[in-house]
Amino acid sequence: MLLAKIEKFRLLDDDFMSKVFEDDIEATEFLLRIILQRDDLEVLESKGQVSIKNLLGRSVRLDIKARDKSGKLYNIEVQRADEGAGEKRARYYSSILDANTLLPGQDFKELPETYVIFITEHDVLKNGMPLYHINRKIEENGMTFCDESHIIYVNGEYRAENDIGRLMHDFSCQNPDEMQLELLAEKTRYFKSDEKGVRRMCKIMEDFAAEERAAQAEEFAIGMLKIGKMSYAEIAEVSKLSEDKVRELAVKIKNAG
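Presented here is an overview of the structure given in this document. Once a new chain begins, its residue numbering starts again from 1 and follows that chain's sequence as written. pLDDT decides what is reported in this predicted model: residues at 70 or higher carry local features, side-chain atom pairs at 80 or more are listed and counted, and totals for whole chains, interfaces and linings draw on all residues regardless. Heavy atoms from the whole structure form the basis of all side-chain values; hydrogens and water molecules are not counted.

Quick notes on the overall build of the protein chain
Our working definition: Each helix corresponds to a stretch of at least 4 residues labelled H or I by DSSP, and each strand to a stretch of at least 2 residues labelled E; elements are numbered beginning at the N terminus. Only C-alpha atoms enter the radius of gyration; for comparison, a globular chain is expected to reach 2.2 Å times N to the power 0.38, where N is the number of residues. Between buried and exposed lies partly exposed: a residue is buried under 20% and exposed over 50% of the maximum accessible area for its type, with that area taken using a 1.4 Å probe on protein chains only. Note on contacts: a residue pair is in contact if any heavy atoms of the two residues lie within 4.5 Å. Only the protein chains shown count as cover for residues, and all accessible areas are computed by the Shrake-Rupley method using a 1.4 Å probe. The charge count treats Lys and Arg as positive and Asp and Glu as negative. His and the chain ends do not count. Taken as the charge centre is NZ of Lys, CZ of Arg, CG of Asp or CD of Glu, depending on the residue.
A count of helical and extended segments in the protein chain gives 9 helices and 6 strands. Its C-alpha radius of gyration of 20 Å places the protein chain within 12% of the 18 Å reference for a compact globule of 257 residues. With the C-alpha coordinates aligned to their principal axes, the bounding extent of the protein chain is approximately 60 × 55 × 35 Å. Classification of the 257 residues of the protein chain by burial places 43% in the buried group. Nonlocal contacts in the protein chain, meaning residues at least 24 apart in sequence, comprise 57% of its contacts between residues at least 6 apart. Summing over all exposed atoms, the protein chain offers an accessible surface of approximately 14600 Å²; the carbon and sulfur share of this is 50%. Separation between the mean location of the 39 positive side-chain charges and that of the 50 negative ones in the protein chain comes to 4 Å.

Comments concerning the environment of Arg166
Residue position: Arg166 is located in helix H5 (residues 163–171). In this structure Arg166 comes out as partly exposed when scored by relative accessible area, which is 21%. Taking the C-alpha atoms as reference points, Arg166 and Ile34, 132 residues apart in sequence, are found 10.0 Å from one another. If we ignore the near neighbours within four places in the chain, the residues touching Arg166 are Ala160, Glu161, Gln180 and Leu181.

So, the sheet that holds strand S4 (residues 114–120)
Condition: Paired strands are those between which DSSP finds at least two bridges. Axes, fitted as lines to C-alpha atoms, cover a helix only where it is in contact. Angles between the N-to-C directions of the axes lie from 0 to 180 degrees.
With mixed pairing, the 6 strands of this open sheet are ordered in space as S1-S2-S3-S4-S6-S5. The two strands at the open ends of the sheet, each matched to only one other strand, are strand S1 (43–52) and strand S5 (131–134). If you compare each strand with its neighbour and ignore which way they point, the axes differ by 20 degrees on average. Bridge count for S4 against strand S6 (residues 149–155) is 7 bridges, and the pairing is parallel. Counterpart to Phe118 in the pairing with S6 is Tyr153.

Observations concerning the pairing of S6
The element S6 is largely enclosed, with a buried count of 7 among its 7 residues. Burial along S6 is two-sided: Ser149, Ile151, Tyr153 and Asn155 facing one way and His150, Ile152 and Val154 facing the other are all buried. The pairing of S5 with S6 spans 4 bridges and is antiparallel. By the bridge assignment, His133 is partnered in S6 with Ile152.

What to know about the environment of Lys187
Applicable threshold: What qualifies as a polar contact is a pair of N or O atoms within 3.5 Å, subject to a donor-acceptor requirement within protein and to the restriction that residues adjacent in sequence count only when both atoms come from side chains.
The residue Lys187 is located in helix H6 (residues 182–193) in this model. Residues Lys187 and Thr101 lie 86 residues apart in sequence; the distance between their C-alpha atoms is 30 Å. Beyond its immediate chain neighbours, meaning those up to four positions away, Lys187 contacts Val20 and Asp24. Of note is the side chain of Lys187, whose polar atom sits 3.2 Å from the backbone oxygen of Val20.

Focus on helix H3 (residues 25–36)
Using the following cut-off: Expected helix span is given by 1.5 Å per residue-to-residue step, counting one fewer step than there are residues.
In a regular helix each residue adds 1.5 Å, so 12 residues correspond to 16 Å; H3 covers 16 Å between its end C-alpha atoms and thus fits that length. The N-capping residue of H3, defined by a side-chain oxygen 3.2 Å from the backbone nitrogen of Glu26, is Asp24. The first or second residue beyond H3 is Gln37, which carries a positive phi of 55 degrees.

Examining the nonpolar core
Put simply, the rule is: Nonpolar cores are built from buried Ala, Val, Leu, Ile, Met, Phe, Trp, Tyr and Cys residues. Side-chain atoms within 4.5 Å join them into one set.
Membership of the largest hydrophobic core comes to 42 residues, with the highest contact counts inside it found for Phe21, Ile35, Ile117, Ile119, Leu167 and Phe171. The greatest single-element share of this core, amounting to 6 residues, is contributed by H3. Among all residues touching Ile117, those that are not within four sequence positions of it are Leu32, Ile35, Asn75, Ile76, Glu77, Ile152 and Val154.

Concerning H6
Under the convention used in this document: Think of the arc as the fan of directions from the helix axis to the C-beta atoms.
Compared with the 16 Å implied by 1.5 Å per residue over 12 residues, the 15 Å span of H6 between its first and last C-alpha is a close match. Turning to H6, its buried residues number three or more, namely Leu184, Ala185, Thr188, Phe191 and Lys192. Along the axis of H6, the buried positions cluster into a sector of 135 degrees, meaning they face one direction only. Opposite its buried face, H6 presents the exposed residues Glu182, Glu186 and Ser193, each directed more than 90 degrees away.

So this is what it looks like as structure tokens:
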């Protein structure tokens, strides 16, 4: 069953995409250079499925979080469902990226420039453009408000004989032999055809399922702790967490408040 699922994966599937690009500086740099239309961007770090806990609000899991040579941060998300790529989700991801960047005592001027990039299966903003760049502006004079926070939507339906068109074609392919960009084809082929790659992807999928169950259990426990109507033992029994874990979450909530 896992093998059949892997065979159907595309780069538009978030779990698959995040592992294709995770810890791969070259592939992440290749992707960002195409989207940002820059040939001088140098990526130093690329992590997949980065969980950011928020005890006082909704936690998130970023598909890809990357950092370049100049310190700019990038969050790359793939979304197949239109409702998963709404404007307020992009806003929230941007704020989460900011809120988990500065250390206590750091000056706000040290906040890095950030990019939240949504690669969507459909043309969510429905204007037929390959890219949509969203930046704040001063309404009275049209000048850019330079907070260095950027949101970019990449239209997965776009096809053309250019880099963005070829990239979106490849993101929609199940078969790496049909891809046009060799670097992406090679990476995809490894996880779909190479024995070691397939075995690794099967293990990743099993780990993802276990992590998702654990995350849901913690979210439930946090919600119950905030309501305050159940004992630690009762929450532990229902959530399948240990009572020690529930107590640990309670302490974190108290300290965060």
